[in-house]
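Architecture and fold: a report
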Amino acid sequence: MSDHSTASAARPIRLTLLTGFLGAGKTTILNRLLAEPGLTDTAVVVNEFGEIGIDQMLVEAETSDGLIELSDGCLCCSVRGELVETLIRLGERGTLARVVVETTGLADPSPILAALMADPDLQRHYVLDGVVCVVDALAGPDNLMSRAEARRQLAVADRIVLTKRDLAEPEALSRLDALIARINASAVRLSSETSEMLAPRILDCGLARADGTLADPRAWLGVVSGHAPSDARDAMAQKPASDEDHESPVRDDHDPHHEHGHHHHGDVRSFSLRHDGPIEEEALASFLELLSAFEGDRLLRMKAVVQTRRQPERPLVLHGVRGFLHPPARLPAWPGGEPDGARLVLIGENLDERRVRDLFAAFTGGLRSDAPDRAAVEDNPLAIPGFRFGG
Ligand SMILES: Nc1nc2c(ncn2[C@@H]2O[C@H](COP(=O)(O)OP(=O)(O)OP(=O)(O)O)[C@@H](O)[C@H]2O)c(=O)[nH]1
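Residues numbered from 1 in each chain as written. Predicted model: local features only at pLDDT ≥ 70, side-chain atom pairs only at ≥ 80, totals over all residues.

Note on the chain: under the UniProt heading Catalytic activity (unreviewed entry), the record states "GTP + H2O = GDP + phosphate + H(+)". According to UniProt, the comment filed for the chain under the heading Function (unreviewed entry) is "Zinc chaperone that directly transfers zinc cofactor to target proteins, thereby activating them. Zinc is transferred from the CXCC motif in the GTPase domain to the zinc binding site in target proteins in a process requiring GTP hydrolysis." (UniProt positions renumbered as here; feature names shortened; annotations may be inferred.)

Dropping the structure here:
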């Protein structure tokens, strides 16, 4: 890591979360990233789970002055302790431009994301650049079918890097493709086999660009993408879940977090909501409030770009993890000058897609004949068929 004093103290540090199931190839990808030019003023935080030192030895020597290793167990369980303190300490140095946190293969990344959104000290120093999930093409399908952590890691990703394609049979690859499409259709996918540099393809994928400007929100949502071989162009047009889609739920048989109150036996999937034209600010706020109250625990991640009535020329950007909503941001203008209504991408575990769609329809005027209307919902949110208090 260079000790440049050029890094602006006022500019937030971009944080990348590098996740992926045990043995997926995270350290291999990290080593490759760090060998590429341009990763100056970067620190790497590695969490180990009972294997202290092993990954540190694997991460190449020239990065060692920027490598911090955590050792107090699973990152998702200790997130409010050592990781937060380490990140704050790094932030206070004032010289860093980027931090990459490699999670253990068993970590659920969403508490880490939620801490980033909820902790004022972290917010002062950091902006989330993105979540990169490494998926092993050989073991990936089985991991995704049987392990909740693997699904959660994939679900919250902005970028998915497929490794070990060289070892996988074509059938396994197409099974993996289908699982990824179901769990997270909007993330950009790429293969580690590429000879291209990885950094430009997996870093700087958040809304805040390195130069302080804002990226195209549609690319951030996964609506457009110039990178992926199987990008998310169609993700926004995904069909609503049908009963058929639930025929083979991906189940968790070995969730080690059951003692910590994490959900398991979950069906993790993504879907999107779309509204043409602007939405009233109050209606949006009410929708989000109810979404958070009733489905917050099951919402792993939500991203949205919304045209609102009072400032239709300035898109509102929303970013939520579980019950936490990042402070909404207004972009100066619509990319290309064309307002694009409202687009929301929701990724959840056991999320009731039908109820969320009904709720959205109730607040945006797109009512179906069998859905509650907005007045009824506002008078009595519990009137929504199937909603139970406390979700
Ligand atoms: N054939 C093949 N092997 C790979 C590929 N990527 C990684 N590996 C191998 O897979 C093994 C695990 O890779 P790591 O990078 O240590 O995986 P990890 O996700 O950091 O592992 P944990 O920290 O244990 O969760 C190593 O032996 C790598 O050399 C790939 O694309 N093809």
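There is more to say after this.
Assigned secondary structure in the chain consists of 13 helices and 13 strands. Here the chain holds 391 residues, and the buried ones make up 45% of them. Taking contacts inside the chain between residues at least 6 apart in sequence as the whole, the part at least 24 apart equals 77%. (Helix = DSSP H or I, 4+ residues; strand = E, 2+ residues; numbered from the N terminus. Buried ≥ 20, exposed ≤ 12 C-beta atoms within 10 Å, placed from the backbone. Contact = placed C-beta atoms within 7 Å.)

Now for the nonpolar core. Judged by nonpolar contacts, the single largest core of 85 residues is most densely connected at Val99, Leu154, Ile160 and Leu346. The element best represented in this core is strand β5 (residues 126-136), accounting for seven residues. Counting residues domain by domain, this core receives three or more from each of domain 1 (13-221) and domain 2 (264-383). Setting aside chain neighbours within four positions, we find leucine 154 in contact with Cys133, Val135, Leu144, Ile160, Ile180, Ile183 and Asn184. (Core = buried A, V, L, I, M, F, W, Y, C linked by C-beta atoms within 7 Å. Domains from an automatic or database assignment.)

The subject of this paragraph is the confidence of the model for the chain. Per-chain confidence: the chain averages 73 in pLDDT, with 69% of residues scoring 70 or above. When pLDDT is averaged over each element of the chain, strand β6 (residues 159-163) comes out on top at 96 and helix α2 (residues 54-58) at the bottom at 37. Across residues 49-65 the pLDDT falls below 50, and counting only partners more than four positions away or on other chains, this stretch makes 27 contacts in the model. Note that residues 71-75 has pLDDT below 50 and, in this model, 18 contacts with residues that lie over four places away or in other chains. (pLDDT = per-residue confidence, 0-100.)

Where β6 and strand β7 (residues 188-191) come together, four bridges link them in parallel fashion. Counterpart to valine 161 in the pairing with β7 is leucine 190. A crossover links β6 with its parallel partner β7, the connecting element being helix α8 (residues 170-183), and its sense is right-handed. (Pairing = 2+ DSSP bridges. Right-handed = clockwise from strand over helix to strand, strands pointing away.)

Residue placement: valine 306 occurs in strand β9 (residues 299-306). In this structure valine 306 comes out as buried when scored by C-beta crowding, with 21 C-beta atoms within 10 Å. Separated by 22 residues in the primary sequence, valine 306 and leucine 284 have C-alpha atoms spaced 9.0 Å apart.

Following the sequence through the fold, arginine 355 ends up in helix α12 (residues 353-364). Taking the C-alpha atoms as reference points, arginine 355 and phenylalanine 294, separated by 61 residues in sequence, lie 10.0 Å from one another.

Now for the site of the ligand. Of all residues adjacent to the ligand, which total 15 residues, the nearest are Gly25, Lys26, Thr27, Thr28 and Gly105. Ranked by the residues each element gives to the shell around the ligand, the list is headed by helix α1 (residues 26-35), at three residues. The residue inventory of the shell around the ligand, partitioned by class, reads three nonpolar, eight polar and four charged. (Near = placed C-beta within 6 Å. Nonpolar A, V, L, I, M, F, W, Y, C, P; charged D, E, K, R; others polar.)

For the chain, the assigned domains read domain 1 (13-221) and domain 2 (264-383). Counting from both sides, the interface comprises 22 residues of domain 1 and, opposite them, 21 residues of domain 2. Taken together, the elements giving at least two residues each to the side of domain 1 that touches domain 2 come down to α4 (109-118), α7 (148-155), α8 and α10 (217-221). A per-element tally of the side of domain 1 that touches domain 2 places α4 first, with five residues. Of the residues in the side of domain 1 that touches domain 2, the class split is 14 nonpolar, three polar and five charged.

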